[in-house]
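Each chain, written out:
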Amino acid sequence: RARGQESSIVVLGQGRPEKSDWPRRYQTTPSFQMRLQEGARLYKELPRARLFISLAGEVDVAIKQKYLDAYAKDHGLVRERMHVISEARDTSDEARLALDRARAKILFVVTSASHLPRAIKIFTKELEHRKVPYRVVTVEGVERGCLNSNELLLVPVPVSYTHLTLPTIYSV
């Protein structure tokens, strides 16, 4: 059911080093790499999804776009549906900017498992501020088709170091 819906995937991020000749995988933390991997997995499974990746910091947006271009090429992702959130400084900024840009009825929020409860609280606070009806559901809830035309579905997607891939119950 989620495959046919317009949806957005937001990967909460980290900063980027301004100048580095190191390979991309060494320019970010392992935690962020895991989030990117899960965001990319969902993106491949949801052909109508747009992927928003938060890359914070003072680094020029062109450097961030170049990083995303290379990531898309390396992982066989359609770059046209991928977007950088470059100006966020914290999770509150990420929530505000993601909701400004996502414009979808299903919003997957991908972050570290330990950060997810706080992130969802911030996203729901922003939705309430905007007076947007929403419901927090699991990935399984989206698959069961619990989409109400008046609600945005906010879908937490935890990522942790304890596994390299999520269990099959998280397949969309």
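In what follows, the structure referred to is the one given above.
A.B. asks: Describe helix H2 (residues 61–75), naming the residues involved and giving the relevant values.
C.D. replies: For H2, spanning 15 residues, the distance from its first C-alpha to its last is 21 Å, which sits close to the expected 21 Å at 1.5 Å a residue. Among the residues making up H2, those that are buried are Lys64, Tyr67, Leu68, Ala70, Tyr71 and Ala72. Following H2 by one or two positions, Gly76 adopts a phi angle in the positive range, close to 65°.

A.B. asks: Any chance you could break down the side chain of Glu38 for me, citing the residues and the numbers?
C.D. replies: By the secondary structure assignment, Glu38 is in helix H1 (residues 30–45). We classify Glu38 as buried; its relative accessible area is 6%. A polar side-chain atom of Glu38 sits 2.8 Å from a polar atom in the side chain of Arg41.

A.B. asks: Now, about the pairing of strand E4 (residues 106–112): what can you tell me, with residues and values included?
C.D. replies: For E4, a buried count of seven out of seven residues is recorded, marking the element as mostly surrounded by other parts of the structure. One ladder, built from seven bridges, connects E4 with strand E6 (residues 152–159); its direction is parallel. Paired with Thr111 across the bridge in E6 is Pro158.

A.B. asks: I'd love a proper account of the environment of Leu36, names of residues and values included.
C.D. replies: As for its position among the elements, Leu36 is in helix H1. Relative accessible area serves as the criterion here: at 2%, Leu36 is assigned to the buried category. The spacing of Leu36 and Thr111 is 75 residues in sequence and 9.0 Å in space, taken between C-alpha atoms. Sequence-distant contacts of Leu36, defined by excluding residues within four places in its chain, comprise Val11, Ile53, Tyr67 and Tyr71.

Basis of the calculations
Residues numbered from 1 in each chain as written. Predicted model: local features only at pLDDT ≥ 70, side-chain atom pairs only at ≥ 80, totals over all residues. Heavy atoms only, no water. Helix = DSSP H or I, 4+ residues; strand = E, 2+ residues; numbered from the N terminus. Expected span 1.5 Å × (residues − 1). Buried < 20%, exposed > 50% of the residue type's maximum accessible area, 1.4 Å probe, protein only. Polar contact = N/O pair within 3.5 Å; in protein donor to acceptor, adjacent residues only side chain to side chain. Pairing = 2+ DSSP bridges. Contact = heavy atoms within 4.5 Å.

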